[in-house]
Amino acid sequence: MSTLMNTYGERTLTLTKGAGSRVWDDAGNSYIDGISGIAVCGLGHSHAAVTRALSEQANTLLHVSNLYNIPPQKVLADKLCAVSKMDKVFFSNSGAEANEAAIKIARKYGNDKGINTPTIVVMNSAFHGRTMATLTATGNTNAQKGFEPLLPGFVRAPFNDIAAIEVLAAEHKNIVAVLVEPVQGEGGVRVPDDTYLPELRDLCNRHEWLLMLDEIQTGNGRTGTYFAYQHYDFMPDVVTTAKGLGNGVPIGACLAHGIAADVFAPGNHGSTFGGNPLACRAAEAVIDTLTESQLISTVAQRGAQMLQAFRDKLAGNELVVDIRGKGLMIGIELEHPCMELVAEARKAGLLINVTAGNTIRLLPTFIMTDDETDTLVNGVVELIQNFQPTE
Ligand SMILES: *Cc1c(COP(=O)(O)O)cnc(C)c1O
C-alpha cells in the first residue's frame, strides 16, 4: 500500500539519474528523454550552469521571505523583462500559480473599471492547471468532474476561432480578458493559424480586454523564440510561464505589460516561496544559457527538421491524421487512441508522451545530438509503423 495519494495512477518506471538528453532507470537502462519532464528540462539533465548556480546559492542563502529585498529576484526580473519586453513580474512556484496571478490581475483590472462580475474568455481543450480557478479555466470536463462548483467568471470559445469570440463579445458586456495558450500543449499540440493571435490582439484592443498568454509550456525557448508571441509582431498584456524557466527547479512567473503591470498594489497578492533566492538563481542560469548561446535558434531548426522527417517518413501512413508543431513541441495525431505506445517506446529506450488520447507528443531537450535526434525520430516512426490499434 502506497502512502502517496493515487493522483498519478500506477507508475511502472523509476528514473534515478539524468545527464544531457538521457535518463537512467533503477536497473541501469538508459533512455533518450523525448519529453524532458513535460517541457521542463530544455537544457537537459544535470546542466552544469544550473547546478553551479544552485550549489553557490545553497551555500549562501536559501530563503528569507518576501518581507525583504531579494537581490537574485531583482536580477531575474530584470532579465525576464529584457528578454520579453514586458514591464513587471510576479514570481510564483508553479504554472498554475502564475495563472492564478494572471486571473487575479484580470479580475482586479475589471473591478477597477467598475465591472463587478469580470469575466475571462478561455478556450475549448485549453489546459491552465489544477487549482480551482485554473481548473475552471481548463477546457477538459473530465479534469473538472467531481470538483463542482467551479468558479464563476469564465466563458468559453473554440480555439483558433476569432468569430466565436466576437459572438461572446456581443453577448457578454462584462468580459475583461482573454486567456489563451499560443500553442495548446495538453490539448494535443494544437498550433493556431498565423493570423489568430494578431487578430485576437486587435479584438482585445477594440474591447479594452487584456490579452493574457499562457506560455507555461511554450515559453523559455520551447517553440524556437524565447516566448511564442515573439514569432509575431505584437505585445501581450500578461504572459505566464513556468515549466522550462527553472530547468527542474520549481518556479513560475506572471509578467505584465502596460496598464496590466500596475494593477496589483501592496497586499493584493503574495507567496511565501515565490521568487526565493534558490529558485531565482536557477532561472537566471537558464535565461543566461538560453540568451548567450544559439540554443533557441537550434530549437527552431531542429524542430523544423524533425517535423519534416516525420512528414517524409510517415507519408501515406493511414493511421496518421496530422503531424504538427512549433519548435521542439511536436504532435503526431493518430486515428486511434495510442496510450500503449508509451510502453512500447520505453522498450525501445525512448521516453515519449501521449496527450489528448491519440496524439504522440514530443518535447525533447534543446541539446540533443544529431544521433540522438535520429534515434528518437526513427524510433517513433517505427512504433507508428508497427502500431496495431486495439480500439
Ligand atoms: C503545465 C501547464 C500548466 C500548469 O503548470 P503547473 O506547474 O503544473 O501548475 C498551465 N498551463 C499550461 C499551458 C501548462 O502546460
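All values reported here derive from a predicted model rather than from experimental measurement.

J.: What is the right way to look at the overall build of the protein chain in this model?
T.: Secondary structure summary: the protein chain contains 12 helices and 15 strands in total. For the protein chain, the spread of C-alpha atoms along the principal axes amounts to about 60 × 55 × 50 Å. Burial statistics for the protein chain: of 391 residues in total, 54% are counted as buried. Put simply, of all contacts in the protein chain between residues at least 6 apart along the chain, 70% involve residues at least 24 apart. Total accessible area on the protein chain is roughly 17,500 Å²; 52% of this is exposed by carbon and sulfur atoms. In the protein chain, which carries 30 positive and 42 negative side-chain charges, the distance between the mean positions of the two groups comes to 5 Å.

J.: Just to check I follow, could you spell out helix 8 (residues 196-207) for this structure?
T.: Three- or four-residue spacings in an α-helix give side chains the same orientation, since the helix completes a turn every 3.6 residues. The terminal C-alpha atoms of helix 8, which comprises 12 residues, lie 17 Å apart, in line with the 16 Å expected from a rise of 1.5 Å per residue. Burial in helix 8 covers these residues: Tyr196, Leu197, Leu200, Arg201, Leu203 and Cys204. Down the axis of helix 8, the sector holding all buried residues measures 165 degrees, keeping them to one side. Against the buried residues of helix 8 lie strand 5 (119-123), helix 7 (162-171), strand 7 (175-180) and strand 8 (210-214). Looking one or two residues past helix 8, glutamate 208 carries a phi angle of roughly 55 degrees, positive in sign.

J.: What am I meant to see in the site of the ligand here?
T.: Around the ligand, the surrounding shell consists of Ser94, Gly95, Ala96, Asn99, Phe127, His128, Gly129, Glu181, Asp214, Ile216, Gln217 and Lys243. Measuring from an oxygen atom of the ligand, one finds a side-chain N or O atom of glutamine 217 at 2.8 Å. Lysine 243 places a polar side-chain atom, nitrogen or oxygen, 2.6 Å from an oxygen atom of the ligand. Expressed as a share of its isolated accessible area of 380 Å², the protein-covered part of the ligand is 81%. Take the shell around the ligand: its biggest share by element is three residues, from helix 4 (residues 95-112). When its residues are assigned to classes, the shell around the ligand shows three nonpolar, six polar and three charged.

J.: Looking at this structure, I do not really get the packing of helix 7 against helix 8. What am I missing?
T.: For any two helices packed against each other, one specifies the inter-axial angle together with the distance between the axes. Look at helix 7 against helix 8: their axes get within 10 Å of each other, and the N-to-C directions meet at 15 degrees. With respect to each other, helix 7 and helix 8 are oriented roughly parallel. Where helix 7 crosses over helix 8, the two elements pack in a sense that is right-handed. Across from Ile162, Ile165, Glu166 and Ala169 in helix 7, the residues of helix 8 making contact are Tyr196, Glu199, Leu200, Leu203, Arg206 and His207.

J.: Honestly, the UniProt feature "binding site: pyridoxal 5'-phosphate" (unreviewed entry) in the protein chain in this entry has me stumped. Any pointers?
T.: If you check UniProt for "binding site: pyridoxal 5'-phosphate" (unreviewed entry), the listed places come out as Gly95, Ala96, Phe127, Asp214, Glu215, Ile216, Gln217 and Thr272 in our numbering. Sequence-wise these annotated residues cover 178 residues; spatially they are dispersed, their C-alpha atoms as much as 25.3 Å apart. Assignment of secondary structure puts glycine 95 in helix 4. Taking relative accessible area as the criterion, glycine 95 reaches 12% and is therefore assigned buried. Not counting residues within four places of it along the chain, the set of residues in contact with glycine 95 comprises Ile216 and Ala242.

J.: I would appreciate a short explanation of the sheet that holds strand 12 (residues 329-334) in the present structure.
T.: Two orientations exist for strands paired in a sheet by backbone hydrogen bonds: parallel and antiparallel. The antiparallel open sheet is built from four strands, whose spatial order is 11-12-15-14. Strand pairing shows two members of the sheet lacking a second neighbour, strand 11 (320-326) and strand 14 (353-355), which therefore form its edges. Within this sheet the neighbouring strands show an average axis-to-axis angle of 25 degrees, counted without direction. Along the sheet, helix 10 (residues 295-313) contacts strand 11, strand 12 and strand 15 (359-362); its crossing angle with strand 11, the most-contacted strand, is approximately 170 degrees. In this fold helix 12 (residues 370-385) packs onto strand 11, strand 12 and strand 15, with an angle of close to 170 degrees to the strand it touches most, strand 15.

J.: Just to check I follow, could you spell out the domain arrangement of the protein chain for this structure?
T.: Splitting the protein chain by domain gives domain 1 (15-47 + 294-385) and domain 2 (48-291). Of note, the centres of domain 1 and domain 2, computed from C-alpha atoms alone, are 26 Å apart. Listed by partner, the interface residues are 30 residues for domain 1 and 32 residues for domain 2. Of the roughly 2,500 Å² buried between domain 1 and domain 2 on both sides combined, carbon and sulfur atoms contribute 59%. At the junction of domain 1 with domain 2, the criterion picks out one salt bridge.

J.: Just to check I follow, could you spell out a negative patch on the surface for this structure?
T.: Together, Asp193, Asp194, Glu199 and Asp202 line one region of the surface with negative charge. You can see glutamate 199 is positioned in helix 8. Classification of glutamate 199 as partly exposed rests on a relative accessible area of 37%.

Calculation criteria
Residues numbered from 1 in each chain as written. Predicted model: local features only at pLDDT ≥ 70, side-chain atom pairs only at ≥ 80, totals over all residues. Heavy atoms only, no water. Helix = DSSP H or I, 4+ residues; strand = E, 2+ residues; numbered from the N terminus. Buried < 20%, exposed > 50% of the residue type's maximum accessible area, 1.4 Å probe, protein only. Contact = heavy atoms within 4.5 Å. Areas by Shrake-Rupley, 256 points an atom, 1.4 Å probe, with all protein chains shown as cover. Lys, Arg positive; Asp, Glu negative; His and termini not counted. Charge placed at Lys NZ, Arg CZ, Asp CG, Glu CD. Expected span 1.5 Å × (residues − 1). Arc of directions from axis to C-beta. Near = heavy atom within 4 Å. Polar contact = N/O pair within 3.5 Å; in protein donor to acceptor, adjacent residues only side chain to side chain. Nonpolar A, V, L, I, M, F, W, Y, C, P; charged D, E, K, R; others polar. Axes fitted to C-alpha atoms, helices over the stretch in contact; angles between N-to-C directions. Parallel < 35°, antiparallel > 145°, perpendicular 65-115°, else oblique. Left-handed = near helix turned anticlockwise from the far one by under 90°. UniProt positions renumbered as here; feature names shortened; annotations may be inferred. Pairing = 2+ DSSP bridges. Domains from an automatic or database assignment. Buried area = accessible area lost by both parts, 1.4 Å probe. Salt bridge = Lys/Arg side-chain N within 4 Å of Asp/Glu carboxyl O. Patch = residues over 30% accessible without salt bridge, like charges linked within 9 Å, V, L, I, M, F, W, Y side chains within 5 Å.

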